[in-house]
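# Descriptive analysis of the structure
Below are the chains, spelled out letter by letter.
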Amino acid sequence: MERVGIRCDVGPERGVGHVMRCLALAEELRRRQVDVVFVCDAGTVPWAAAQIAARGIAVQPAVWTAAEHVDLFARLDLDAVIFDSYDLAGPVYQAVRATGMPTLALVDGEFRGAEADVLVDQNLAAELDHPELPHGTVRLAGLDYVLIRDEILEQRPSAVPTVRPAANAVPKVFAFFGGTDAFGAGPHVVRALAATGVPFRATVVAPDGELAARIAAVQLAPRQRVDVIGPTDRLAAEVRAADLTISASGTSIWELLCLGATAGLVCVVDNQVVGYERAIGTGTAAGIGVLSELERDPGAASTVLKRLLTDAAERARLAAAGWRLIDGQGRRRVADALLSLS
C-alpha cells in the first residue's frame, strides 16, 4: 500500500478523540513509508486541525453519502481506507467495501453500522465480547490494539512508576476533557476538587473563554490553586508532571494508563459507560463519577478526590496498575493487519 485515507469524526460536539487515535495509526503508517490523507472537518476544531497539519498530513473536507465517498476515494487514488465514525450510515461502508478497496473501521462496542474487512475495538475486555460480524470480517479486540500517539510513547516510563511525593507536598492535579470539553465537565470537576477542602495545585484545560470563566468563578479553600490553560501540545508532559490526572472516560483513558498516570475518570456521555465501568473494575483508574450526577451533587466525587489527594500510596498503586495494562504496541499490530490486506 502506498496511500491510505482516514475518514473520521471531529467537531465541537464530537470532540477530537477520533482524530487522536487515528493520528496514532497515521504515525505508524507513515513510519512504514505509507502516505496518509485525512477526510474530516478538522477546521471546526482549530486545535485538531493544527495537530494534523503539524505532522504534514493533507486534509480533505468530509463527505457524507455513499456515492460521494466512493467518488472521493477514487479521485484520491487510495489503496485502503480507515473509518472512525459514529455518524456515517451503514451504506457508506458497504459501498466502499463493494469497490474491492481494503477497509478497516475503528469501533467502540456497538458497530453503529460500521462494516469493514477489519474491525478494531481497542476497549478494555472487548475481546470477551462476541458480536456477530459482517461476512468476511476479522475483529481485533482488546487493549493489545490500543492506538497510542508518538507524543505519549516518547513520554512513557521505561519501568513501573514508583516515585512518591515528599511528605506534606501539595499534590499537582491536571484535568482535561478532550479538545473541546463538549459537555462542560471542567467547572463541575473543579467544584468537586474545591469541596474536598484539602490543598492542591491544579491545571485545567478550558478550550473556550466561557468555560474558563466558569472555572475561575469556583470558590477555593485556602492552599487550593487552579490555573486555566487552553488546549496544549504538551499533554503528555503535563500528565507526567501531575500527581493526579482527571479526564473523561473516552479514548484518553488508554493514553493516561500508558503514561503510568494516576487517573481519575469522569463519565461524560452514555457511550463512555462501558469503558468507564471496566477501567474502574480493573483497579487501574479511580471513578470520579458520572457527569450528570456530578452536576447535581459533587459530594460523592469530592470523597473520591479527597482520598486521591491525600493518599500517595493509593496514587502510586493506580499508576503502576495502569502502566502494566497498556504496552503501547497496539498501533503496530493494527497497521500489520491493515497492510496484510493488500
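It should be noted that the structure appears before, not after, this text.
In what follows, the accompanying structure is described. All values reported here derive from a predicted model rather than from experimental measurement. (Residues numbered from 1 in each chain as written. Predicted model: local features only at pLDDT ≥ 70, side-chain atom pairs only at ≥ 80, totals over all residues. Heavy atoms only, no water.)

### Remarks on the environment of Gln60
As for its placement among the helices and strands, Gln60 is situated in strand β3 (residues 58-60). Residue classification places Gln60 among the partly exposed positions, given a relative accessible area of 28%. When neighbours within four sequence positions are excluded, Gln60 is seen to be in contact with Val37, Phe38, Val39, Cys40, Leu72 and Leu76. (Helix = DSSP H or I, 4+ residues; strand = E, 2+ residues; numbered from the N terminus. Buried < 20%, exposed > 50% of the residue type's maximum accessible area, 1.4 Å probe, protein only. Contact = heavy atoms within 4.5 Å.)

### A short note on the packing of aromatic side chains
Evaluated as defined, the whole model comprises three aromatic pairs. Three or more aromatic residues joined by ring pairs make a cluster, and in this case those are Phe73, Phe83 and Tyr93. The positively charged end of Arg7 is found above the aromatic ring belonging to Trp64, 4.7 Å away from the centroid. Its guanidinium or amino end placed over the ring of Tyr86, Arg112 lies 4.0 Å from that ring's centre, counting from NZ or CZ. (Phe/Tyr/Trp six-rings, centres within 6.5 Å; stacked < 30°, edge-to-face > 60°. Lys NZ or Arg CZ within 6 Å of the ring centre and 35° of its normal.)

### Focus: the packing of helix α1 (residues 17-31) against helix α2 (residues 46-54)
The angle between the axes and the distance between the axes are what describe a pair of packed helices. At their nearest, the axes of α1 and α2 sit 11 Å apart, and the two run at 5° to each other. With respect to α2, the element α1 is oriented roughly parallel. Touching Val19, Met20 and Leu23 of α1 are Trp47, Gln51 and Ile52, all from α2. Residue composition of the contact of α1 with α2, grouped by class: five nonpolar, one polar and no charged. (Axes fitted to C-alpha atoms, helices over the stretch in contact; angles between N-to-C directions. Parallel < 35°, antiparallel > 145°, perpendicular 65-115°, else oblique. Nonpolar A, V, L, I, M, F, W, Y, C, P; charged D, E, K, R; others polar.)

### Considerations on the sheet that holds strand β1 (residues 3-8)
Spatially, the seven strands line up as an open sheet ordered β3-β2-β1-β4-β5-β6-β7, and their pairing is parallel. Whereas interior strands pair on both sides, the edge strands pair on one side only; in this sheet they are β3 and β7 (138-141). Put simply, the sheet's adjacent strands are angled 20° from each other on average, direction ignored. Note: strand β5 (residues 103-106) against strand β6 (residues 118-121), three bridges, orientation parallel. In the sheet register, Ala105 faces β6, and the bridge partner there is Leu119. (Pairing = 2+ DSSP bridges.)

### Some remarks on the environment of Leu104
Summarising the element assignment, Leu104 is placed in strand β5. We classify Leu104 as buried; its relative accessible area is 0%. In sequence terms Leu104 and Ala319 are 215 residues apart; their C-alpha atoms lie 32 Å from each other.

### So, the packing of helix α6 (residues 185-195) against helix α12 (residues 299-310)
Between α6 and α12, the shortest axis-to-axis distance is 8 Å and the interhelical angle comes to 65°. The element α6 and its partner α12 pack so that their crossing is right-handed. Counted together, Val189, Ala192, Leu193 and Ala195 of α6 and Ala301, Ser302, Leu305 and Leu309 of α12 form the full contact between these two elements. For the contact of α6 with α12, the class distribution of residues is seven nonpolar, one polar and no charged. (Left-handed = near helix turned anticlockwise from the far one by under 90°.)

These results come straight from atomic positions and should not be treated as a statement about function.
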